[in-house]
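Residues per chain, in single letters:
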Amino acid sequence: MNFEKKPLVEIKTSQACFVEKTRVLKERLVQISFVELMEKEKISFKIAQETIQAFQSFALPEPHKVRPAAMAYSGIVFNKIDAQNFSQQQWMFATKTLRIFSALYGLLSPSDEIQAYRLDMSSKIVPKLYDYWKEDINKKLCSLLTSEQYTLVNLASKEFFKLVNPSLLPQNTQVITPIFQQEIRGKMITNSLYAKQARGLMTRFIIENEITDPEYLKAFDMDGYFFNVHLTNKNNWFFTRN
């Protein structure tokens, strides 16, 4: 996470939708000891120290310790989304259309204020996080899919998209999962690093172009990708490059 970045424009922040459930998790995390964290998560001393410090800061939601969610994360995907440089219009569109999965907050709008934390869905210090979040997240997604033609573009990791149960979504929902591959010596290969970069780039592409019709996803051509009609099926849309 990176809390040093500041948005290019002034934005109106919001509160995460599952505040009470997050509070319950925070109370559990504050009680975790350094030794318990090291033993259960099998992490380094440095990471354990940073994690404990983040847990302890939960009780101090000072203004400088919160950031809009889309800016707070600094992994490969979010660096390519580059929310720091969104225009006012792009923030407005992202707030309507983009949602971010979180082990601590459940589901976030890009403008929801969050604190720094370190928690994975597979965490052993707070087990069964999938069970904890799944029902509420799917109900929330149903409430967000409000048009007659429902489309959910899945640009999440496999770890997080397991939170979604397509059978619980509105009946006409189409779930599109873009798959990004490289052609190497005549074979199509999925490289996890490049796929993460591409997921971030496509998220930005959707926001920059205010795409609401999935057909326009086929125009995605950033970093040399093109829509591969020969590999694509109804739910898995392939974007490939040499």
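Counting starts from 1 at the beginning of each chain's written sequence and moves along it residue by residue. Restriction of local features to residues with pLDDT of at least 70 applies here, the model being predicted, together with a cutoff of 80 or more for giving and counting side-chain atom pairs; totals for whole chains, interfaces and linings are based on all residues. Processing note: side-chain calculations cover all non-hydrogen atoms of the structure and skip hydrogens and water entirely.

Visitor: Any chance you could break down the pairing of strand β6 (residues 174-184) for me, citing the residues and the numbers?
Guide: Both strand β5 (residues 151-153) and β6 contribute to a ladder of three bridges, which runs parallel. Across the sheet, residue leucine 152 finds its bridge partner in β6, namely valine 175. Note that β6 and strand β9 (residues 236-241) share six bridges and pair parallel. Bridged to threonine 177 within β9 is asparagine 236. For β6 and strand β7 (residues 187-189), the ladder comprises three bridges, and the chain directions are antiparallel. In short, DSSP must find at least two bridges between two strands for them to pair. In this description a helix means any DSSP run of H or I spanning at least four residues, a strand means any run of E spanning at least two, and both kinds are numbered starting from the N terminus.

Visitor: Tell me about the pattern of salt bridges, and name the residues and values.
Guide: Put simply, a salt bridge is a Lys or Arg side-chain nitrogen that is within 4 Å of an Asp or Glu carboxyl oxygen. According to the stated counting rule, one finds 10 salt bridges in the structure shown. Among the ionic pairs, arginine 23 bridges to glutamate 27, the shortest N-O distance being 2.3 Å. Of this pair, arginine 23 and glutamate 27 are both found in helix α1 (residues 19-30), four residues apart, which corresponds to roughly one turn of the helix. Relative accessibility decides the category of a residue: with a 1.4 Å probe and only protein chains considered, values under 20% of the type maximum give buried, values over 50% give exposed, and everything between is partly exposed. Owing to a relative accessible area of 37%, arginine 23 belongs among the partly exposed residues under this scheme. A salt bridge links lysine 218 to glutamate 215, with the shortest nitrogen-to-oxygen separation between them at 3.0 Å. Taken together, the shared-partner salt bridges connect Glu20, Arg23 and Glu27 into one network.

Visitor: So what about the packing of aromatic side chains? Which residues, and what values?
Guide: Aromatic rings from Phe, Tyr and Trp, taking only the six-membered ring of Trp, are treated as a pair when their centres fall within 6.5 Å; an angle between ring planes under 30 degrees marks them as stacked, one over 60 as edge-to-face, and anything in between as tilted. On inspection of all chains with the given rule, the structure shows 18 aromatic pairs. Taken together, a centroid distance of 6.0 Å and an interplanar angle of 65° make the contact between phenylalanine 180 and phenylalanine 220 edge-to-face. Note that phenylalanine 180 is positioned in strand β6 and phenylalanine 220 in the loop between α9 (192-208) and β8 (226-227), a separation of 40 residues in sequence. Considered together, phenylalanine 180 and phenylalanine 220 belong to a single accessibility category, that of buried residues.

Visitor: Talk me through the packing of helix α2 (residues 34-41) against helix α3 (residues 45-56); I want residue IDs and the actual numbers.
Guide: Helix axes use the C-alpha atoms of the stretch in contact, all axes being lines fitted to C-alpha atoms, and the angles between their N-to-C directions lie in the range 0 to 180 degrees. At their nearest, the axes of α2 and α3 sit 10 Å apart, and the two run at 125° to each other. Relative to α3, the element α2 is oriented oblique. Of the two possible hands of crossing, α2 and α3 adopt the one that is right-handed. Contact residues: Phe34, Leu37 and Met38 in α2; Phe45, Ala48, Gln49, Thr51, Ile52 and Phe55 in α3. The residue classification treats Ala, Val, Leu, Ile, Met, Phe, Trp, Tyr, Cys and Pro as nonpolar and Asp, Glu, Lys and Arg as charged. All others, Gly included, are polar. Considered class by class, the residues forming the contact of α2 with α3 number seven nonpolar, two polar and no charged. An angle counts as roughly parallel when it lies under 35 degrees, as roughly antiparallel when it exceeds 145, as roughly perpendicular when it falls between 65 and 115, and as oblique in every other case. Crossings are sorted by hand: turned counterclockwise from the far helix by less than a right angle, the near helix makes the crossing left-handed, and turned clockwise it makes it right-handed. Contacts were defined at the residue level, with two residues in contact if any of their heavy atoms lie within 4.5 Å.

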